[in-house]
Amino acid sequence: MADKKAPVKLAGADFTQIYIAVFVIVVTLILFALYKRRKSAKRGILLTGLCDSGKTLIYSQLLHNKNVQTHTSIKENIGTYIVNNDALNIVDIPGHERLRNKFFEQYKSMAKSVVFVLDSVTLQQNIRDVAEFLYDILVDPVISSGCSDMLILCNKQDQPFAKGATAVKSILEKELNMLRITKSKQLDSVDPKVKRASVLGNASEDFDFAALPVKVDIAESYAWHKDGSVDIEGLKKWLARF
Ligand SMILES: Nc1nc2c(ncn2[C@@H]2O[C@H](COP(=O)(O)OP(=O)(O)OP(=O)(O)O)[C@@H](O)[C@H]2O)c(=O)[nH]1
Ligand SMILES: [Mg+2]
């Protein structure tokens, strides 16, 4: 009887410490899970731009290193691109005017960033459409608040009459400047707050990409060449920063 051990009693303070420790661990795990979910939800890189600019071929060269015969896309292509041990979800969005808004709306909330692909040969003749589409993307509240970077990719540089990145930038800035004046006039009758949110950049100065809250980079590419070569290094370098 004498050697029967008395039950060990834990003081009330010890239980409190255990409860606190468990609580802290649970909260940390929940926060970590939420952080991971948010991070993975924002891994999308949207390839967008007008029809025929080369998005699907760029997608194929980037993800599969392959030249393919493409047709006007009627649905998106999604694939994983690994860079710096991290996975990005590349989404090739159809450029057809009846489809592009629908798909853009569908994917914009997962966009970490947007690559706006344009055909550098036909830019001048399509300038109004290109600028309108680009304007709508830049002014979109989900994009302007959720994406800190954007790339304008001047594709089809294999062609002799393709405009280079510097020329493209200045053509786009001029057109976006005019478009902003038009849009601003159209919005004259609406609430000044709504107007400010719908007009791109500082309307009292000439349009300049550098004045936007989103950092806009410009690069050149060609996803096809008659000699079989491909150059999407500008895009790859830009993606490597994520
Ligand atoms: N010369 C040349 N042709 C290209 C290049 N990139 C794409 N193309 C060609 O341009 C055409 C359109 O390419 P796609 O990749 O289908 O264009 P897209 O932007 O996906 O077009 P949509 O799906 O209609 O939005 C195809 O015939 C491609 O082979 C390029 O860099 N140089
Ligand atoms: Mg396509």
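As a reminder, the structure under discussion sits directly above these lines.
A quick note: this is a predicted structure, and the numbers were derived from the prediction, not measured.

Colleague: Which parts of the structure should I look at to understand the overall build of the protein?
Modeller: Check the secondary structure of the protein and you find 8 helices and 6 strands. Start at the N end of the protein and walk to the C end: the helices and strands fall as α-β-α-β-β-α-β-α-α-β-α-α-β-α. With 242 residues in all, the protein has 41% of them scored as buried. For the protein, the share of sequence-separated contacts (at least 6 apart) that also reach a separation of at least 24 residues comes to 73%. For the protein, the exposed area adds up to about 14,600 Å²; of that, 56% sits on carbon and sulfur atoms.

Colleague: What's the story with the site of ligand 1 in this structure? I'm lost.
Modeller: Neighbouring ligand 1 are 20 residues; K55, T70, G95, D158 and A223 lie closest to it. At 2.7 Å, a side-chain N or O of K55 approaches an oxygen atom of ligand 1. Contact between ligand 1 and L57: an oxygen atom at 2.9 Å from a main-chain N or O atom of the residue. Coverage of ligand 1 by the protein amounts to 87% of the 650 Å² it exposes when considered alone.

Colleague: Explanation requested: the pairing of strand β1 (residues 44-48) in the structure shown.
Modeller: Along a regular strand, successive side chains alternate from one face of the sheet to the other. Counting buried residues along β1, 5 of its 5 residues qualify, which places the element largely inside the surrounding structure. Burial of β1 is two-sided: the residues G44, L46 and T48 facing one way and the residues I45 and L47 facing the other way are all buried. Direction of pairing for β1 relative to strand β3 (residues 86-92): parallel, over a ladder of 4 bridges. Within β3, the position partnered with L47 by the bridge is D92. Pairing of β1 with strand β4 (residues 111-119), which is carried by 5 bridges, proceeds in the parallel orientation.

Colleague: Any chance you could explain the pattern of salt bridges here in plain terms?
Modeller: Note that side chains of opposite charge can pair when their charged atoms are close. Tallied over the entire structure, the rule returns 12 salt bridges. Here D86 ties to R43 by a salt bridge, and the two come within 2.8 Å at their closest N and O atoms. Linking D86 in strand β3 with R43 in the loop between α1 (12-41) and β1, this pair joins segments that are 43 residues apart in sequence. For R43, a relative accessible area of 8% puts it in the buried group. With a closest N to O distance of 3.1 Å, K108 and E105 form a salt bridge. Owing to a relative accessible area of 12%, K108 belongs among the buried residues under this scheme. Bridged by salt links that share partners, the residues R128, E132, D136, E175 and K183 form one connected network.

Colleague: Mind showing me how you'd approach helix α3 (residues 100-107) here?
Modeller: Looking at α3, one finds that the buried residues are R100, F103, F104 and Y107. The buried residues of α3 occupy an angular sector of 100° when the element is viewed end-on, so they sit on one face. Against the buried residues of α3 lie β1, β2 (77-83), β3, β4, α4 (127-139) and α5 (141-146).

Colleague: Honestly, the environment of G44 in this entry has me stumped. Any pointers?
Modeller: When you line up the elements, G44 lands in strand β1. For G44, a relative accessible area of 0% gives the class buried. Separated by 34 residues in the primary sequence, G44 and I78 have C-alpha atoms spaced 9.2 Å apart.

Colleague: Where do I start with the coordination of the magnesium ion (ligand 2) in this structure?
Modeller: Where a metal carries four tetrahedral donors, each ideal angle is 109.5 degrees; where it carries six octahedral donors, the ideal angles are 90 or 180 degrees. Each protein donor to the magnesium ion (ligand 2) is listed here as T56 (OG1) and S73 (OG); together their distances run 2.0 to 2.1 Å. With T56 in helix α2 (residues 55-64) and S73 in the loop between α2 and β2, the pair connects residues that are 17 residues apart, well separated along the chain.

Colleague: What is the right way to read the packing of α4 against helix α6 (residues 165-186) from this model?
Modeller: For any two helices packed against each other, the geometry comes down to the angle between their axes and how far apart the axes lie. Put simply, α4 and α6 touch, their axes get as near as 9 Å, and they point 70° apart. When the interaxial angle is binned, α4 and α6 end up roughly perpendicular. For the pair α4 and α6, the contacting residues are I127, R128, V130, A131, E132, L134, Y135 and D136 in the first and I171, L172, E175, L176, L179, R180, T182 and K183 in the second. Split by residue class, the contact of α4 with α6 holds 9 nonpolar, 1 polar and 6 charged.

Reading the values: rules and limits
- Residue positions within a chain follow its written sequence, with the count starting from 1.
- By the order in which they are written, chains take letters starting at A while ligands take numbers starting at 1.
- For a predicted model such as this one, the threshold for reporting local features is a pLDDT of at least 70, and the threshold for listing and counting side-chain atom pairs is 80 or more; totals across whole chains, interfaces and linings nevertheless cover every residue.
- Hydrogens and waters are ignored; side-chain quantities use all the structure's heavy atoms.
- Put simply, DSSP marks the helices as runs of H or I at least four residues long and the strands as runs of E at least two long, and each gets a number from the N terminus on.
- The cut-offs for exposure are 20% and 50% of the maximum accessible area for each residue type, with area from a 1.4 Å probe on protein chains only; residues under the lower value are buried, those over the upper are exposed, and the others partly exposed.
- Only heavy atoms enter the contact rule, under which two residues are in contact if any of them lie within 4.5 Å.
- For accessible areas, the Shrake-Rupley method is used with a probe of radius 1.4 Å. Any residue's cover is judged against the shown protein chains and nothing else.
- When at least one non-hydrogen atom of a residue lies within 4 Å of a molecule or strand, that residue is treated as near it.
- Contacts described as polar in this section are N or O atom pairs within 3.5 Å, which, within protein, must combine one atom able to donate a hydrogen with one able to accept it, while residues neighboring in sequence count only if both atoms come from side chains.
- Pairing between two strands requires that DSSP report at least two bridges joining them.
- Take a side-chain nitrogen of Lys or Arg and a carboxyl oxygen of Asp or Glu: if they are within 4 Å of each other, that pair is a salt bridge.
- Note that the arc is computed from the directions linking the helix axis to the C-beta atoms.
- Note on donors: an N, O or S atom is included if it sits within 2.8 Å of the metal, or within 3.2 Å for Na, K and Ca, and water is never included, so sites can look incomplete.
- The angle between two axes is taken between their N-to-C directions and runs from 0 to 180 degrees, where each axis is a line fitted to C-alpha atoms and a helix contributes only its stretch in contact.
- For classification, angles of less than 35 degrees are called roughly parallel, those exceeding 145 degrees roughly antiparallel, those between 65 and 115 degrees roughly perpendicular, and all remaining angles oblique.
- We call Asp, Glu, Lys and Arg charged. Ala, Val, Leu, Ile, Met, Phe, Trp, Tyr, Cys and Pro are nonpolar, and the rest, Gly among them, are polar.

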